[in-house]
Amino acid sequence: MPTSKQKPTSQANAALIEDIRRTVSEAVSESLAKSNQPDRMMRIDEVRHVTGLCQTAIYECQPLRAAMVKMGRNSFWPASKVHAFVESMKANTAGVA
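Residues numbered from 1 in each chain as written. Predicted model: local features only at pLDDT ≥ 70, side-chain atom pairs only at ≥ 80, totals over all residues. Heavy atoms only, no water.

Asks: How would you explain the overall build of the chain if you had to name every residue and give the values?
Replies: On a plain count of helices and strands, the chain comes out with five helices and three strands. In sequence order, the chain lays out its α and β elements as α-β-α-α-α-β-β-α. The buried share among the 97 residues of the chain stands at 18%. For the chain, long-range pairs separated by at least 24 residues make up 51% of all intrachain contacts whose partners lie at least 6 apart in sequence. Approximately 8000 Å² of the chain is accessible, and the part contributed by carbon and sulfur atoms is 55%. (Helix = DSSP H or I, 4+ residues; strand = E, 2+ residues; numbered from the N terminus. Buried < 20%, exposed > 50% of the residue type's maximum accessible area, 1.4 Å probe, protein only. Contact = heavy atoms within 4.5 Å. Areas by Shrake-Rupley, 256 points an atom, 1.4 Å probe, with all protein chains shown as cover.)

Below, the structure is given as structure tokens:
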């Protein structure tokens, strides 16, 4: 006889987690879109941390390379472009598991 306090299935948990991620992602995107502040620039170490890519892969990645800004010997990336790249990679790999 089933009780009223049954644990949700792993499939229900996965759906709930995905719904939470989508909601948070939309809220962050909306917040960034409303911001009147100029885009913050990120150095290579921060881009490596956010993307999970090595330095060579970042410089070879076309979307990130196109967004790169050189100032003297230093390279910088707009935070919005880096986060957009990460979101697009998550969207492209969402069905793969």
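From this point, the narrative continues.
Asks: Could you give an account of the sheet that holds strand β1 (residues 41-42), with specific residues and numbers?
Replies: An order of β1-β3-β2 is seen for the three strands of this open sheet, with the pairing classed as antiparallel. The two strands at the open ends of the sheet, each matched to only one other strand, are β1 and β2 (69-71). Of the pairings in the sheet, the one linking β2 to strand β3 (residues 74-78) comprises three bridges and is antiparallel in character. The residue bridging Met71 from the neighbouring strand is Asn74, located in β3. (Pairing = 2+ DSSP bridges.)

Asks: Go over the nonpolar core with me, naming the residues and quoting the values.
Replies: In this structure, Met42, Ile44, Val47, Ile58, Cys61, Leu64, Met68, Trp77, Ala79, Val82 and Phe85 together form the largest nonpolar core, which totals eleven residues. Of all the secondary structure elements, the ones that give two or more residues to this core are α2 (44-51) and α5 (79-93). In terms of residue count, the dominant contributor to this core is α5 (three residues). Aside from chain neighbours lying at most four places away, what touches Phe85 is Thr51, Leu53, Cys61, Pro63 and Leu64. (Core = buried A, V, L, I, M, F, W, Y, C linked by side-chain atoms within 4.5 Å.)

Asks: So what's going on with α2? Residues and values would help.
Replies: Every α-helical turn comprises 3.6 residues, leaving residues that sit three or four positions apart pointing alike. Turning to α2, its buried residues number three or more, namely Ile44, Val47 and Thr51. Seen from one end, α2 has its buried residues packed into an arc of 60 degrees, which puts them on one side. In α2, the exposed residues that point more than 90 degrees away from the buried face are Asp45 and His49. Against β1, α3 (55-60), α4 (62-67), β3 and α5 lie the buried residues of α2. (Arc of directions from axis to C-beta.)

Asks: Summarise the pairing of β3; cite the residues concerned and give the values.
Replies: Here β3 lies mainly inside the structure; four of its five residues are buried. The pairing of β1 with β3 spans two bridges and is classified as antiparallel. Along β3, the bridge assignment pairs Met41 with Pro78. Between the antiparallel neighbours β2 and β3 lie two residues, among them Gly72 with a positive phi of about 65 degrees.

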